[in-house]
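Here is what each chain is made of, one letter per residue.
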Number of protein chains: 2
Amino acid sequence: MSKQLSNVDRVYESLRQMAADFAFKPDQRINESELSKLLGASRTPLREALNRLVAEGFLTFQNNRGFFCRSLTPKYILDLYEARVAIECEALRLACRRAKDHEITALGDYLEQIEPDYESGSDPAEQLAMDEAFHLRLAQLSGNDELGRMLRNLNDRIRYIRLIDLKRLRDKTGKRVPGELSAHSRIFLALSGRDPAAAEAAMRGHIEKRREAATEAVQIAFSQLYVPQD
Amino acid sequence: MSKQLSNVDRVYESLRQMAADFAFKPDQRINESELSKLLGASRTPLREALNRLVAEGFLTFQNNRGFFCRSLTPKYILDLYEARVAIECEALRLACRRAKDHEITALGDYLEQIEPDYESGSDPAEQLAMDEAFHLRLAQLSGNDELGRMLRNLNDRIRYIRLIDLKRLRDKTGKRVPGELSAHSRIFLALSGRDPAAAEAAMRGHIEKRREAATEAVQIAFSQLYVPQD
DNA sequence: GTATTCTAAATTGTATACAATTCTGTATGC
DNA sequence: GCATACAGAATTGTATACAATTTAGAATAC
């Protein structure tokens, strides 16, 4: 018998997805009655789920005015990239000390396994999912659950912008995303060699490079969110 | 006219305090009806607040079984200390690059201002509050709101153990907490000199030192939580 | 004594009702 | 035109009721 999901959990998952995708536009006020009808639940479980998302930074809340989508500004996204650097670099340092050899081997296998998809022009969303999975597995080699948890939260809030950035990157280079793969290899090699300084430097450069393109991606995000797409 | 606090907000603040202080014992199941009576609110706003605390890592939730206090284990506390290292070191590096001179001066003034309280044997809880305030202000000099937000969350979840650790430290050394003050000075001096490497090294050592005493503090925490104190 | 089954009590999950507050649009005054 | 005041509509805040589920304890079987 499979575990019984509660209504709150279903609603929460839906809302989290919607918030990640900016199905609510930045700063948009959220109408509870409307949304509860849409999700097929009453306002009670809906509000419980909304409160979780406030605590996770997806939404904001104003007393007697209700829930709002988080803002989308370059500053916000730059902050998220920096927080990723903080979490991922420290996790990587710890991983260099603590990861078991077989865990590193397994991660190397994963990297090889996703390589063909990275090389070919597969779906950008899938490509990003693989990238996130690699980074998350890396962070989990630290053995620190809090760091993993924080990274997952950051990933969910930054994904929309990263996807735009990735698409742009592909468009500019004709389906290829040069550098990304070799950056991952560089990080992995430093980890294999248990060289925290080299690993951190590689990770820092890798994330920083995308951070530099973030402001532009935010501009594009706004045009996508407010101009009707075909 | 002062801002009107909602019932949820009041309940949330109370619960957060209670959870930080382990007024709920580790893994303890939380009875909603009882708690709602205690806090003078119905279950609806109570559950909204509880959901926020789940998302913040103070509580856990199991479907159809309700809310539970988080576990208290050495591993959990060690993870929190490591997460602090990740956040605070990166924030400090950024602060070295970005903090305005007058902000650094102001922080130095604050350090001097709290020095007498640190030297004398003032209330440990106050002393810890001052320590947290210093670290938080430091982190805020990074200009990164996410890092500040994360640090505040970590502080709240680790405070109970840190307070125990601080008390022990004082008992062993007769009201003095040697090294703490000079550690802060060392960090501050490196920041003033805009030397990120030195600053990070000082911060890392500072936190790491307390982390090493964490397991012991957790033992004491358990004895305090389950053995009646006078 | 231990395990199992069953029943009643307790507890959680969610819909709904209604009070409190905010919002919207119209009228009014200057 | 612009600001203000106001009334009605819409929306949020919270208590309550009741269904669904879990828990606790007694009774039974082995």
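Residues numbered from 1 in each chain as written. Chains lettered and ligands numbered in written order. Predicted model: local features only at pLDDT ≥ 70, side-chain atom pairs only at ≥ 80, totals over all residues. Heavy atoms only, no water.

If you rotate chain B by 180° and push it 0.0 Å along the axis, it lands on chain A with an RMSD of 0.0 Å. A rotation of that kind, with that shift, is consistent with a two-fold axis. Same-surface contact between copies: 100% of interface residues of chain B are shared with the interface of chain A. (Least-squares fit on C-alpha atoms with pLDDT ≥ 70 in both. Contact = heavy atoms within 4.5 Å.)

A few words on the pattern of salt bridges. Across all of its chains, the model carries 48 salt bridges over all chains by this definition. The partner of Arg43(A) in a salt bridge is Glu32(A), and the shortest N-O contact between them spans 3.1 Å. Here Arg43(A), found in helix α3 (residues 43-55), pairs with Glu32(A), found in helix α2 (residues 32-39); they are 11 residues apart in sequence, far enough to count as distant. A relative accessible area of 42% means that Arg43(A) is categorised as partly exposed. A relative accessible area of 10% means that Glu32(A) is categorised as buried. Residues Glu132(B) and Arg159(B) are paired through a salt bridge, measuring 2.8 Å at the closest nitrogen-oxygen approach. Of this pair, Glu132(B) sits in helix α6 (residues 124-140) while Arg159(B) sits in helix α7 (residues 145-173), and the two are 27 residues apart along the sequence. Since its relative accessible area comes to 26%, Arg159(B) is described here as partly exposed. Each of the salt bridges in this network shares a partner with another, and the network as a whole consists of Glu90(A), Arg93(A), Glu200(A), Arg204(A), Glu90(B), Arg93(B), Glu200(B) and Arg204(B). (Salt bridge = Lys/Arg side-chain N within 4 Å of Asp/Glu carboxyl O. Helix = DSSP H or I, 4+ residues; strand = E, 2+ residues; numbered from the N terminus. Buried < 20%, exposed > 50% of the residue type's maximum accessible area, 1.4 Å probe, protein only.)

Residues and elements named next belong to chain B. Here strand β1 (residues 29-30) runs beside strand β3 (residues 66-69); their pairing, made up of two bridges, is antiparallel. Each residue of the ladder has a partner; that of Ile30, found in β3, is Phe67. Note: strand β2 (residues 59-62) against β3, four bridges, orientation antiparallel. Looking across to β3, one finds that Leu59 is bridged to Cys69. (Pairing = 2+ DSSP bridges.)

What follows is about empty space enclosed by the protein. Going through the model one piece at a time under the given rule, you end up with four cavities of 30 Å³ or more. Computed from the structure, the largest cavity encloses a volume of approximately 110 Å³. Those elements that provide at least two residues to the lining of the largest cavity are α6 and α7 of chain B. When residues in the lining of the largest cavity are grouped by element, the largest group, four residues, is from α7(B). The class makeup of the residues in the lining of the largest cavity is four nonpolar, one polar and five charged. Around the second largest cavity, the lining residues are Tyr81(A), Tyr118(A), Gln127(A), Leu128(A), Asp131(A), Arg162(A), Asp165(A), Leu166(A), Leu169(A), Glu180(A) and Arg210(A). Elements with a minimum of two residues in the lining of the second largest cavity: α6 (124-140) and α7 (145-173) of chain A. The greatest single-element share of the lining of the second largest cavity, amounting to four residues, is contributed by α7(A). Of the residues assigned to the lining of the second largest cavity, the class counts are five nonpolar, one polar and five charged. (1 Å grid on protein atoms, 1.4 Å probe; cavity = no way out; pocket = protein on both sides within 12 Å on 5 of 7 lines; lining within 4 Å. Points joined across faces, edges and corners; volume = space filled by probe spheres on them. Nonpolar A, V, L, I, M, F, W, Y, C, P; charged D, E, K, R; others polar.)

Taken from the UniProt record, the annotation "domain: HTH gntR-type" (unreviewed entry) applies to residues 5-72 of chain A. Overall, residues 5-72 of chain A shows 51% helix and 15% strand. The separation of its end C-alpha atoms is 32 Å. (UniProt positions renumbered as here; feature names shortened; annotations may be inferred.)

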